Amino acid sequence: MSISISPSANKSALKSHAWLGLAVSVLMYWVCFSGTLSVFSQELLRWEQPHIADNLDYTPGSIQNAYERFLTMKEGQTQGNIVIRLPTHDLPRARISADGEYWNISPSGELSEPSTTPITDLIVDLHTALHLPEDIGMMAVSVLGAILSALIISGIVAHRRIFKDAFRLRTGNNEQLTQGDLHNRMSVWGLPFHLMIALTGVYFGLASFLTSIYADTLYEGNKLDLFADIYGSSIQLEHQPAIANIEKALTDIMKMEPNTQPIFVTLENATKDNQYILLGSQHLDKLIYSEQYRFDASGQYIDKVGYSDGDAGQQAIFSVYRIHFGHFGPEAMKIFFGLMGFALTIISVTGINLWLAKRAKQDALNQLWLGFVWGTPIAFIWAALLELTLALPTKPVFWVTLTAILIASLMQKVLMKTHLVLLNCLAALLVILAITHFAVHYPSSLVMNSLVIDSAFIVFALCVWRYLYSRLKKGWNV
């Protein structure tokens, strides 16, 4: 079966597809690769601090105690909101934060120790903002989401035999055919998923920009009315108690909505005269991130924003996060999202590999591309190792390491040797990371979450060596 597309349209689509992909190749690879890892951010948070025991036995009283201790530590004043992340089955630990400080909460309500997750932050921040200032970075990533949507559509138009070739995968010695088939097959098999990821990714950074457009066209320029329809109308309170009664709010929400899972408490306008409690509780039968219930600082219920029973558009907006990262359904859903994200990463790599394979020469571009593709995970691992052993900041180490790899790749004139060295380094570092993490955190690293992740690193190392062996058998015909 073939799609009826004219040769001229096919040729134009193929050309635009190629140039778009080349223009954003490195950035797209970074976003796709880090996004795949970010699916498992909750598991990585627990892996970074395995000595913090997983526990769901928190009471409203223990959360209140932690909040009051935190307030005392801050001498009764904060510059921003106070946010308490409540324990859930996905992340069975609690923490409280304000003004850039994060503290873990024990089940008894003690502030056990600061919550520091620099390795996870390194990965997630690259995916959400490319390590740029947040506003600029999120806008850039959203633009990449729009470009990914264009790449998907142009790829469909460019591939006239998209259904006929859906199960054709040639893995012989012809590198161009192999890369082309791998690129096209994974694109076809994951097409609905990839389009969903692209479109939801567009939303995150462009939401503020789109808000201005919607306000101008639908609300006569009044953003407050738009915000009221989407986020709920603002509430005005005064003369609120200095210490909020979070315990009462949590106790009441469990009675009011027994079939929901409270996931966070935000003290809006914290320590101010008009502070109030915003309590997020997840409706397990809906995709929205949470319904938000508002209480005054005394713990008296005021209202709910209405996401759970609002208009379809409002519910869709507050479902974007969970849909994008696969944080819904059973654990198998996360694994599926991880596999599909990895497929998208492979697509971004093989697209450039295919373009390089079509050229009649090998030069610095080939070396640089190898450096980016294999240097990025190497830099991630090296940054993680130095954080685990020397507590060095992850982001500077990552960028210095990646820069050094790129320079070394350019200095090495033989492409096969560059590939060989990078693959061996990656496989070895994966094993070293697993062993180092286990040793540094022993005996806390004996918990199931850490054992699974450390074992996964070793499995990934074996996969890299298996890939290396397959390349050697093909004679490195790249």
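These numbers were taken from a predicted model, which means no experiment stands behind them. (Residues numbered from 1 in each chain as written. Predicted model: local features only at pLDDT ≥ 70, side-chain atom pairs only at ≥ 80, totals over all residues. Heavy atoms only, no water.)

Chemist: Just give me the short version of the overall build of the protein, but keep the residues and values in it.
Modeler: Helices and strands together make up the secondary structure of the protein, namely 17 helices and 8 strands. In summary, the protein has a C-alpha radius of gyration of 25 Å against a globular reference of 23 Å for 478 residues, a match within 12%. Overall size of the protein, expressed as C-alpha extent along the three principal axes, is 75 × 55 × 35 Å. Across the 478 residues that make up the protein, the buried fraction comes to 49%. Total accessible area on the protein is roughly 23,100 Å²; 64% of this is exposed by carbon and sulfur atoms. On the protein, the mean spot of the 33 positive side-chain charges and the mean spot of the 38 negative ones are 20 Å from each other. (Helix = DSSP H or I, 4+ residues; strand = E, 2+ residues; numbered from the N terminus. Rg over C-alpha atoms; globule rule 2.2 N^0.38 Å. Buried < 20%, exposed > 50% of the residue type's maximum accessible area, 1.4 Å probe, protein only. Areas by Shrake-Rupley, 256 points an atom, 1.4 Å probe, with all protein chains shown as cover. Lys, Arg positive; Asp, Glu negative; His and termini not counted. Charge placed at Lys NZ, Arg CZ, Asp CG, Glu CD.)

Chemist: An account of the nonpolar core is needed here, citing residue identities and associated values.
Modeler: Ranked by internal contacts, the top residues of the largest apolar core, which has 68 residues, are M28, W30, W47, W369, F398 and L433. Ignoring sequence-local partners within four residues, the contact set of W47 consists of I119, L388, L433, H437, N449, S450, I453, D454 and F457. Counting 28 residues, the second largest nonpolar core, distinct from the first, contains Y67, L71, A249 and L267. (Core = buried A, V, L, I, M, F, W, Y, C linked by side-chain atoms within 4.5 Å. Contact = heavy atoms within 4.5 Å.)

Chemist: Outline the environment of P241, supporting the account with residue identities and numerical values.
Modeler: Mapped onto the secondary structure, P241 falls in the loop between α9 (223–231) and α10 (246–256). Residue class for P241 comes out partly exposed when judged on its relative accessible area of 31%. In contact with P241, other than residues within four places in its own chain, are Q275, A297 and S298.

Chemist: Lay out the packing of helix α14 (residues 364–390) against helix α16 (residues 415–441) with the relevant residues and their values.
Modeler: The contact between α14 and α16 brings their axes to 9 Å, and the two run at 15 degrees. Between α14 and α16, the crossing angle belongs to the class labelled roughly parallel. You can see that α14 and α16 cross each other, and the crossing is left-handed. Each residue belonging to the contact of α14 with α16 can be placed in one class, and the counts come to 19 nonpolar, 9 polar and no charged. (Axes fitted to C-alpha atoms, helices over the stretch in contact; angles between N-to-C directions. Parallel < 35°, antiparallel > 145°, perpendicular 65-115°, else oblique. Left-handed = near helix turned anticlockwise from the far one by under 90°. Nonpolar A, V, L, I, M, F, W, Y, C, P; charged D, E, K, R; others polar.)

Chemist: So what's going on with the packing of α16 against helix α17 (residues 448–473)? Residues and values would help.
Modeler: For the pair α16 and α17, interaxial distance at closest approach is 9 Å and the crossing angle is 165 degrees. Looking at the two axes, α16 sits roughly antiparallel to α17. The way α16 lies across α17 gives a crossing that is left-handed. Here the contact of α16 with α17 is built from residues that sort into 19 nonpolar, 4 polar and 2 charged.

Chemist: Outline the sheet that holds strand β7 (residues 291–296), listing residues and values.
Modeler: Strands sit in the order β4-β3-β2-β1-β5-β6-β7-β8 across an open sheet of 8 strands; the sheet is antiparallel. Whereas interior strands pair on both sides, the edge strands pair on one side only; in this sheet they are β4 (111–114) and β8 (301–304). Direction aside, neighbouring strands of the sheet carry axes that sit 25 degrees apart on average. Across 6 bridges, strand β6 (residues 276–283) lies against β7 in antiparallel orientation. Along β7, the bridge assignment pairs L279 with Y293. With respect to the sheet, α10 is in contact with β1 (82–85), β5 (260–268), β6, β7 and β8, its orientation differing from that of β6 by roughly 30 degrees. (Pairing = 2+ DSSP bridges.)

Chemist: Summarise the pattern of salt bridges; cite the residues concerned and give the values.
Modeler: Enumeration according to the criterion identifies 12 salt bridges in this entry. The closest approach of N and O atoms between D303 and R294, which form a salt bridge, is 2.9 Å. Here D303 falls in the partly exposed class, since its relative accessible area comes to 23%. Judged by its relative accessible area of 5%, R294 falls in the buried class. (Salt bridge = Lys/Arg side-chain N within 4 Å of Asp/Glu carboxyl O.)

Chemist: Explain the environment of D454 residue by residue, including any values.
Modeler: As for its position among the elements, D454 is in helix α17. What makes D454 buried here is its relative accessible area of 5%. In this structure, the C-alpha to C-alpha distance between D454 and I335, residues 119 residues apart in sequence, is 16 Å. If we skip the residues at most four places from it in the chain, D454 touches W47, A434, H437 and F438. Within polar-contact distance, the side chain of D454 engages the side chain of W47 at 2.9 Å. (Polar contact = N/O pair within 3.5 Å; in protein donor to acceptor, adjacent residues only side chain to side chain.)

Chemist: Help me get a handle on the side chain of S348, residues and values and all.
Modeler: Relative to the helices and strands, S348 resides in helix α13 (residues 331–358). When its relative accessible area of 13% is taken as the criterion, S348 is described as buried. Not counting the four nearest positions on each side in its chain, S348 is found in contact with M28, Y29 and W369.

Chemist: Give me the lowdown on α17, citing residues and values where you can.
Modeler: Helix length check: α17, at 26 residues, gives a terminal C-alpha distance of 37 Å against a target of 38 Å (1.5 Å per residue), a fit within 8%. Regarding α17, the residues found buried are N449, S450, I453, D454, F457, A461, V464, L468 and R471. (Expected span 1.5 Å × (residues − 1).)

Chemist: Residue-level account of the packing of aromatic side chains, with values.
Modeler: A complete count under the given rule lists 19 aromatic pairs for this structure. With centroids separated by 5.9 Å and ring planes inclined at 70 degrees, the aromatic side chains of W30 and F372 adopt a geometry described as edge-to-face. Taken together, the positions of W30 in helix α2 (residues 25–38) and F372 in helix α14 put the pair 342 residues apart, joining distant regions of the chain. We note that W30, like F372, is buried. Geometrically, the ring pair formed by F398 and W399 is edge-to-face, given 4.9 Å between the ring centres and 80 degrees between the ring planes. Given a relative accessible area of 29%, W399 falls into the partly exposed group. One aromatic cluster is present, formed by Y29, W30, F33, W369, F372, F380, F398 and W399 through successive ring pairs. (Phe/Tyr/Trp six-rings, centres within 6.5 Å; stacked < 30°, edge-to-face > 60°.)

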